[in-house]
Number of protein chains: 2
Amino acid sequence: MATIYDVSILAGVSLATVSRVMNKNTNVSEKTKKKVQDAMEQLGYRPSSIAQSLASNCSNSIGVLVSQLNGPFYGAMMTEIESALRNANKHVIIAAGHSDEDQEREAVEFLLDRGCDALILDVEALSDDYLIALSQKRTPIVLINRYISEIADRCIHLNNVLGGYLATKHVLSHGHTKLAYIAGPLLKPDARERLEGHKKALAEHDVNFDDTLFYEGNFFEPSGSDAMEYLLKQDTHFTCVICANDQMASGAISVSLEHHVMVPEQLSFIGYDNFPFPKYISPKLSTVSNPIQEMGKMAALWVLKNVYKKPDINIVNTFTPQLILRDSVKNNQ
Amino acid sequence: MATIYDVSILAGVSLATVSRVMNKNTNVSEKTKKKVQDAMEQLGYRPSSIAQSLASNCSNSIGVLVSQLNGPFYGAMMTEIESALRNANKHVIIAAGHSDEDQEREAVEFLLDRGCDALILDVEALSDDYLIALSQKRTPIVLINRYISEIADRCIHLNNVLGGYLATKHVLSHGHTKLAYIAGPLLKPDARERLEGHKKALAEHDVNFDDTLFYEGNFFEPSGSDAMEYLLKQDTHFTCVICANDQMASGAISVSLEHHVMVPEQLSFIGYDNFPFPKYISPKLSTVSNPIQEMGKMAALWVLKNVYKKPDINIVNTFTPQLILRDSVKNNQ
DNA sequence: CTGTTAGCGCATTCAG
DNA sequence: CTGAATGCGCTAACAG
């Protein structure tokens, strides 16, 4: 591999001059600049990003930590992060935390040790306190899908209370009042907020929350199936199931159909997240949008603005969910 | 940040000794080792992986290039790669090539510039020749989902001909002889191989391949829908649709149901890939397994064995697909 | 078993 | 506008 030194010799200039033409900023005469560029071309010179990092104390790498890499969710987010960052010639190092506190902390330290210039975190198990402390250290962090008031400017998140509210409001307005609710794991803020929105809508319509028609799942399909098995065993009648995400809705609908309960004729469903797949099942699932791609992109922009000092980037911290109306909610009005 | 130098002073030893205790291998007396470790602890010392990379000419980073980060496929693969590699204290840098030749080449160069010790590539647009040439350069590469005979030992791939064969064999054995086929984009090897297996099974059963019941899709859901619209307009009768992947199968089934063609009573379907989602639709999709996780893990192991010289790792280059029988194929026997 | 000495490839003063 | 010198934090011979 040719080094900056080889280039300087071939071009008949000093090391520093070569460095200068690489880093555009400083002034070099057109003539010498051309000489250097020709020499680079001729040698097929590629700068060593590692040496650059060591000398400049800037690694041009961003660590991204997510709960899991698979599933329909994080892939979409990663896509946007990767493309926004690579366009800026930064690279992204990934790690998965698996929603486990120890693993998440370990992953954060791993990324920090790697000399990342910034961290984009989508974590669920780490405490607010830990994250607040982390945010005060040298390496800047930005949080996706999480809101911590003390560091609100570093949070890119969805208004989940509103999303939960919209979903429930929608089914109420379609004449459903006997409602079952399949929640996400309540130790996750998302799950709690969506439920909070649900209850808020119920309160506005003077509908009681029925504990016997409530099930706490884990956001994965099988728990939706389990939830449905549970609900079908209850004595209480219900006409609609509100699910805290589309994956659980899918599991629940699947069980419902197995029990020959027709959807939506006998039972309505509404999901959350607007995953790509449930668009293709029958009936097509009504749901609430979760602009995870946009949020991923925004986190990348946050880093570009605040760490790499690109001005004229506008940061939006809070995103607003929208109803996606399809065929899984029957109109009882 | 404390450096190795600070540690050496606090411990009252030389720089080299500190380096030695970090890199286990060489002999250091228990006593001095303890002194050094205490000093490290006290200073909260963390080695700079960047300086290590520069000095050792080994970045401990592996570049992973996939077509896309989203979708149910690559996420599963990335999960295994990331976890296998991080357990070995290596980090993975990701890039997406979007099935475009220019973007794939650019991404390869990007990762190479980043000083990756090895590249794991799942690429579709780059030519065999390019990859063969690349494999002869300094940085080792391993290919997933692709077979190139000249560099067979660097290929981790699925026997797609067999998979295509198994799927068609299965429906033939269930009495289906009027078959429609929705292919993937034929410029991708996967798609061609699956089709080849299909034709092989047809030949064995003396069933003709009907051009009017053939549609070339692009592996995404909407093209499955388009395919189905096309097929339903044909005069030729058929009882089963064989799809080159589950996503197109989902799109096709969706359209089929919209046209009130019952599945599987009136029309059978079989997919390919065993994506997680179609397990939860009705009817549950019969398909062919694609052990993408295992293949991802194997690629990581290949790197560990061949680049980081871990012996006693066994590499399996070719994986074998299996039929996953569920409810979408009616038995006409 | 331990210390000394050179670099790894580049950015960045500081002179000129 | 350009060159010389210094150091980023660490590894790797080579001595001792």
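What you are looking at is a predicted structure, and each value in this text was computed from that prediction instead of being measured.

**Q** Where do I start with the overall build of chain A in this structure?
**A** Along chain A, the regular secondary structure elements total twelve helices and twelve strands. A compact globule built from 333 residues should have a C-alpha radius of gyration of about 20 Å, whereas chain A, at 26 Å, is more than 25% larger. With respect to the three principal axes, the spread of C-alpha positions in chain A is 90 × 40 × 30 Å. The buried share of chain A, taken over its 333 residues, is 53%. Partitioning the intrachain contacts of chain A with sequence separation of at least 6 by distance along the chain shows that 67% fall at a separation of at least 24. About 14,600 Å² of surface is accessible on chain A, with carbon and sulfur atoms providing 48% of the total.

**Q** Explain the sheet that holds strand β1 (residues 61-66) of chain B here, please?
**A** Within a beta sheet, neighbouring strands are joined by backbone hydrogen bonds and run either parallel or antiparallel to one another. Strand order in this open sheet of twelve strands is β11(A)-β5(A)-β4(A)-β3(A)-β1(A)-β2(A)-β2(B)-β1(B)-β3(B)-β4(B)-β5(B)-β11(B), and the pairing throughout is mixed. The sheet terminates laterally at β11 (318-319) of chain A together with β11 (318-319) of chain B, the two strands that pair on one side only. Alignment of strand β3 (residues 118-121) of chain B against strand β4 (residues 141-144) of chain B, held across three bridges, turns out to be parallel. Bridge pairing in β4 of chain B places leucine 121 of chain B opposite leucine 143 of chain B. Contacting β1 (61-66), β3 (118-121), β4 (141-144), β5 (155-158) and β11 of chain A, helix α12 (residues 292-306) of chain A runs over the sheet at an angle of about 170° to β4 of chain A.

**Q** Help me understand the protein's contact with DNA strand C, please; the structure alone is not making it clear to me.
**A** Around DNA strand C sit 23 residues, and of these Ile4 and Tyr45 of chain A together with Thr17, Arg20 and Thr32 of chain B come closest. The protein-proximal atoms of DNA strand C, defined as those within 4 Å of the protein, are 62% sugar or phosphate. Contact between DNA strand C and threonine 32 of chain B: a phosphate oxygen at 2.9 Å from a side-chain N or O atom of the residue. Looking at which element gives the most residues to the surface near DNA strand C, the answer is helix α4 (residues 49-56) of chain A, with four residues.

**Q** I tried to follow the side chain of serine 67 of chain B on my own but got confused; where do I start?
**A** All names here are of chain B. Along the chain, the position of serine 67 falls in the loop between β1 and α5 (71-87). In this structure the side chain of serine 67 is engaged in a polar contact, spanning 3.2 Å, whose partner is the side chain of glutamate 124. Discounting residues that sit within four places of it in the chain, serine 67 has contacts with Tyr74, Ala96, Gly97, His98, Ser99, Asp122 and Glu124.

**Q** In this structure, what is going on with the relation of the copies chain B and chain A? I would like to understand it.
**A** Of the transformation superimposing chain B on chain A, the axial component is 0.1 Å and the angular component is 180°, with the fit at an RMSD of 0.1 Å. Interpreted geometrically, this transformation is the action of a two-fold axis. Every residue of chain B has its C-alpha some distance from the rotation axis, and the shortest such distance is that of isoleucine 93 of chain B, at 2.3 Å. A symmetric contact is evident, with 100% of the interface residues of chain B recurring at the interface of chain A.

**Q** When you look at the protein's contact with DNA strand D in this model, what are you seeing that I'm missing?
**A** Around DNA strand D, a shell composed of 25 residues is seen, among which Thr17, Arg20 and Asn27 of chain A together with Ile4 and Tyr45 of chain B lie nearest. One of the side-chain nitrogen or oxygen atoms of glutamine 52 of chain B is found 3.1 Å away from a phosphate oxygen of DNA strand D. Elements supplying a minimum of two residues to the surface near DNA strand D: α2 (15-22) and α4 of chain A together with α2 (15-22) and α4 (49-56) of chain B. Of the residues contributing to the surface near DNA strand D, the split by class is twelve nonpolar, eleven polar and two charged.

**Q** Honestly, the sheet that holds strand β8 (residues 240-243) of chain B in this entry has me stumped. Any pointers?
**A** Residues and elements named next belong to chain B. An order of β7-β6-β8-β9 is seen for the four strands of this open sheet, with the pairing classed as parallel. Where the open sheet ends on each side, the last strands, each with one partner, are β7 (214-216) and β9 (268-270). Across this sheet, the average inter-strand angle for adjacent strands is 15°, counted without regard to direction. Of the pairings in the sheet, the one linking strand β6 (residues 179-183) to β8 comprises four bridges and is parallel in character. Bridge assignment links alanine 180 to a residue of β8, and that residue is valine 241.

**Q** What exactly am I supposed to notice about the interface of chain B and chain A here?
**A** The accessible area lost on association of the parts is a frequent measure of interface size. In this complex, chain B contributes 50 residues to the contact, which on the side of chain A involves 50 residues. Both faces considered, chain B and chain A share a buried interface measuring about 4,400 Å² in area, 60% of it formed by carbon and sulfur atoms. If you look at where chain B meets chain A, you find five salt bridges. Its salt-bridge partner being aspartate 113 of chain A, residue arginine 46 of chain B comes within 3.2 Å of it at the nearest N-O pair. Taken together, chain B and chain A are joined by 17 residue pairs in polar contact (both at pLDDT 80 or more).

**Q** When you look at the packing of aromatic side chains in this model, what are you seeing that I'm missing?
**A** Centre distance and the angle of the planes are the two values used to describe a pair of aromatic rings. Residue and element names in this part refer to chain A. A complete count under the given rule lists ten aromatic pairs over all chains for this structure. Ring geometry for phenylalanine 73 against tyrosine 74: centres 5.3 Å apart, planes inclined by 75°, an arrangement best described as edge-to-face. Judged by its relative accessible area of 13%, phenylalanine 73 falls in the buried class. Ring plane angle 5° and centroid distance 6.3 Å describe the contact between tyrosine 181 and phenylalanine 214, whose orientation is recorded as stacked. Within this pair, whereas tyrosine 181 is found in strand β6 (residues 179-183), its partner phenylalanine 214 is found in strand β7 (residues 214-216), the two being separated by 33 residues in sequence. Accessibility classification places tyrosine 181 together with phenylalanine 214 in one group, the buried group. Each member of the aromatic cluster is reached from another via a ring pair, and the members are Phe73, Tyr74 and Phe275. A cation sits over an aromatic face here: lysine 200 above tyrosine 165, 4.9 Å from the ring centre.

**Q** Is there a simple way to explain the layout of surface pockets in this structure?
**A** Vacant regions in the atomic arrangement are exposed by a probe of water-molecule size rolled over the atoms. There is about 1,800 Å³ of room inside the largest pocket. Taken together, 45 residues make up the lining of the largest pocket; nearest its centre are Arg46, Pro47, Ser48 and Ser49 of chain A together with Asp113 of chain B. No other element matches the eight residues that α4 of chain A contributes to the lining of the largest pocket. Partitioning the lining of the largest pocket into residue classes produces 20 nonpolar, 17 polar and eight charged.

**Q** Whenever I open this one, the domain arrangement of chain A confuses me. Can you help?
**A** Per the domain assignment, the segments making up chain A are domain 1 (4-56), domain 2 (61-159 + 292-319) and domain 3 (160-289). On a C-alpha basis, the centroid separation for the pair domain 1 of chain A and domain 2 of chain A is 34 Å.

**Q** Is there a simple way to explain the environment of aspartate 273 of chain B in this structure?
**A** Residues and elements named next belong to chain B. As for its placement among the helices and strands, aspartate 273 is situated in the loop between β9 and β10 (287-288). The class for aspartate 273 is buried, based on a relative accessible area of 6%. Considered as a pair, aspartate 273 and arginine 20 are 253 residues apart in the sequence and their alpha carbons are 48 Å apart. If sequence neighbours within four positions are ignored, aspartate 273 has contacts with Phe73, Arg194, Asn245, Asp246, Thr287, Val288, Ser289 and Asn290.

**Q** Looking at this structure, how should I read unusual backbone geometry?
**A** Where the residue is not glycine, phi is negative for most of them; where a peptide bond is considered, it is trans in most cases. All names here are of chain A. Note the cis peptide between valine 263 and proline 264, where omega equals 5°. By the element assignment, proline 264 lies in the loop between α11 (246-258) and β9 (268-270). Its identity is not glycine, yet asparagine 57 carries a phi of approximately 60°, on the positive side. For asparagine 57, a relative accessible area of 69% corresponds to the exposed category. Even without a glycine there, the phi angle at phenylalanine 219 is positive, about 80°. Summarising the element assignment, phenylalanine 219 is placed in the loop between β7 and α10 (221-233).

Criteria and thresholds
Residues numbered from 1 in each chain as written. Chains lettered and ligands numbered in written order. Predicted model: local features only at pLDDT ≥ 70, side-chain atom pairs only at ≥ 80, totals over all residues. Heavy atoms only, no water. Helix = DSSP H or I, 4+ residues; strand = E, 2+ residues; numbered from the N terminus. Rg over C-alpha atoms; globule rule 2.2 N^0.38 Å. Buried < 20%, exposed > 50% of the residue type's maximum accessible area, 1.4 Å probe, protein only. Contact = heavy atoms within 4.5 Å. Areas by Shrake-Rupley, 256 points an atom, 1.4 Å probe, with all protein chains shown as cover. Pairing = 2+ DSSP bridges. Axes fitted to C-alpha atoms, helices over the stretch in contact; angles between N-to-C directions. Near = heavy atom within 4 Å. Polar contact = N/O pair within 3.5 Å; in protein donor to acceptor, adjacent residues only side chain to side chain. Least-squares fit on C-alpha atoms with pLDDT ≥ 70 in both. Nonpolar A, V, L, I, M, F, W, Y, C, P; charged D, E, K, R; others polar. Buried area = accessible area lost by both parts, 1.4 Å probe. Salt bridge = Lys/Arg side-chain N within 4 Å of Asp/Glu carboxyl O. Phe/Tyr/Trp six-rings, centres within 6.5 Å; stacked < 30°, edge-to-face > 60°. Lys NZ or Arg CZ within 6 Å of the ring centre and 35° of its normal. 1 Å grid on protein atoms, 1.4 Å probe; cavity = no way out; pocket = protein on both sides within 12 Å on 5 of 7 lines; lining within 4 Å. Points joined across faces, edges and corners; volume = space filled by probe spheres on them. Domains from an automatic or database assignment.

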